[in-house]
Amino acid sequence: MLDGLCALFPTVPSEHWRDRMARGLVLDAHGQPIGPLQRYRPGLCVRYFREVPAEPPIPFAEGIVHVDRHLIVVDKPPFLPVVPAGSHVGETLLARLIRRFDNPDLAPLHRIDRATRGLVMFSADPHTRARYQALFRDRHVDKRYEAIAAPLPTLQFPLTRATRLAAGEPFFRMQEIDGPANSETQVDVIARGPTHWRYALRPVTGRKHQLRVHMAALGAAILGEDLYPRLDPRPPGDYGRPLQLLAQGLSFADPIDGTPRRFVSRQALVDPA
């Protein structure tokens, strides 16, 4: 079992698995502890709770844009993940909202990157959740973004970037590869400045990091970018260079009664001096 777990999770040292097993934290389907020398057998269910170091608080507050029995729309700050990932478990938008509204049934209907700020919509009622999820699945939600990036004076706007995105290296980055397009972004210019332009972005599809990859591929990486076109990791707790990408608007016809819905972020991007 120890060999198998180390092969499945190569980034977790074997001594960590030995410690978890010694503390009775690795269990089978019946709640019985699994030891490092236990023999693997096909179909064996292994359960354990992921442990992460103590999380420092993320010093930015979310804003509540809309609340009803079906939906909660939130204005997410930068640096706050929507759902647990990596070292972030308690300091996530989902965890904050569950505590705030005392509703463990809350679930995000879509996601934006940890670095991106702006609107995120949550389902508050499991009985109507599928109807709202269908809006995103069937592309019936008009999503509007704004970004600040370098000028692209040689290109004609508006333009559409449609490419094939796939997982890159390291695993959390995306890359454009050859093949049929599975991502599409419409790009236009809102304002032109001497050193940076303000862009309007409309993602037709919703691939991971799509807007960030497409802008970098066009030659205008979004201001504050640390993943594209090259990895530029920032130290933990460095909140000094927020990504200048805003999920600015969401519009759709409500699937319950057909009412037109339009939500707008109250945040604003900061043009560089």
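The rules behind these values
- Residue numbers restart at each chain and count upward from 1, following the sequence in its written direction.
- pLDDT decides what is reported in this predicted model: residues at 70 or higher carry local features, side-chain atom pairs at 80 or more are listed and counted, and totals for whole chains, interfaces and linings draw on all residues regardless.
- Heavy atoms from the whole structure form the basis of all side-chain values; hydrogens and water molecules are not counted.
- Segmentation into domains, and thus their bounds, comes from an automatic or database assignment.
- Definition used in this section: a nonpolar core is a set of buried Ala, Val, Leu, Ile, Met, Phe, Trp, Tyr and Cys residues joined via side-chain atoms within 4.5 Å.
- For every residue, the accessible area obtained with a 1.4 Å probe (protein chains only) is divided by the maximum for its type, and the residue is called buried under 20%, exposed over 50%, and partly exposed between those limits.
- In this text, helices come from DSSP runs of H or I with a minimum length of four residues, and strands from runs of E with a minimum of two, each type numbered from the N-terminal end.
- Two residues qualify as a contact provided that any one of their heavy atoms is within 4.5 Å of a heavy atom in the partner residue.
- What counts as a salt bridge is simple: a side-chain nitrogen of Lys or Arg found within 4 Å of a carboxyl oxygen of Asp or Glu.
- Here the aromatic set is Phe, Tyr and Trp, taking the six-membered ring for Trp, and pairing holds for ring centres within 6.5 Å; pairs whose planes are under 30 degrees apart are stacked, those over 60 apart are edge-to-face, and all others are tilted.

What to know about the domain arrangement of the protein chain
- The domain boundaries assigned to the protein chain delineate domain 1 (1-48) and domain 2 (63-264).
- Just the C-alpha atoms count here: the centres of domain 1 and domain 2 sit 36 Å apart.

As for the nonpolar core
- Grouped together as the largest cluster of nonpolar side chains are 36 residues, with contacts concentrated most on Phe122, Phe157, Val187, Tyr199, Leu201, Met215 and Leu245.
- Secondary structure elements with two or more residues in this core: β2 (71-76), α3 (93-101), β4 (117-123), β5 (142-149), β8 (183-192), β9 (197-203), α5 (210-218) and β10 (245-253).
- Here Leu201 is in contact with Lys143, Arg144, Tyr145, Ala147, Gln186, Val187, Leu211, Met215 and Leu245, once residues within four sequence places are set aside.
- Among the nonpolar cores identified, the runner-up in size contains 13 residues, and Val65, Leu71, Val73 and Val141 belong to it.

As for the pattern of salt bridges
- Tallied over the entire structure, the rule returns 15 salt bridges.
- Note that Asp142 is salt-bridged to Arg202, the shortest N-O span being 2.8 Å. In this pair, Asp142 sits in strand β5 while Arg202 sits in strand β9, placing the two residues 60 residues apart along the sequence.
- Ionic pairing is found between Arg212 and Glu225, a salt bridge with its closest N-O pair at 2.6 Å. Taken together, the positions of Arg212 in helix α5 and Glu225 in the loop between α5 and β10 put the pair 13 residues apart, joining distant regions of the chain. Here Arg212 matches Glu225 in class, with each residue buried.
- Taken together, the salt bridges that share partners define one network made up of Asp113, Arg212, Glu225, Asp226 and Arg234.

Some remarks on the environment of Arg114
- Relative to the assigned elements, Arg114 resides in the loop between β3 (107-108) and β4.
- Of the residues examined, Arg114 reaches a relative accessible area of 34% and is grouped as partly exposed.

Considering the packing of aromatic side chains
- Applying the stated criterion across every chain, the model contains eleven aromatic pairs.
- Consider the rings of Phe9 and Tyr48, whose centres lie 6.1 Å apart with planes at 80°: the pair is edge-to-face. One end of the pair, Phe9, is in the loop between α1 (2-8) and α2 (14-22); the other, Tyr48, is in the loop between α2 and β1 (63-67), with 39 residues separating them in the sequence.
- Judged by centre distance (6.0 Å) and plane angle (55°), the rings of Phe157 and Tyr199 are tilted. Placement of the pair is Phe157 in the loop between β5 and β6 (159-167) and Tyr199 in strand β9, with a sequence separation of 42 residues.

Points about the environment of Asp113
- Along the chain, the position of Asp113 falls in the loop between β3 and β4.
- The buried category is assigned to Asp113, whose relative accessible area is 18%.
- In the structure, Asp113 is positioned 99 residues away from Arg212 in sequence and 9.9 Å away in space, judged by C-alpha atoms.

Regarding helix α4 (residues 129-137)
- Of all the residues in α4, the buried ones are Arg129, Tyr132, Ala134, Leu135 and Phe136.
- Arg139 lies just past α4 and shows a positive phi near 60°.

Let's talk about unusual backbone geometry
- The linkage connecting Glu169 with the following residue, Pro170, adopts the cis geometry, with an omega of -10°.
- Within the fold, Pro170 resides in the loop between β6 and β7 (174-177).
- If you check the backbone angles, Asp102 has positive phi at about 50° while not being a glycine.
- Take Asp102: it is sitting in the loop between α3 and β3.
- For Asp102, a relative accessible area of 68% corresponds to the exposed category.
- The phi dihedral of His209 falls on the positive side, at around 60°, and the residue is not glycine.
- Tracing the backbone through its elements, the reader meets His209 in the loop between β9 and α5.

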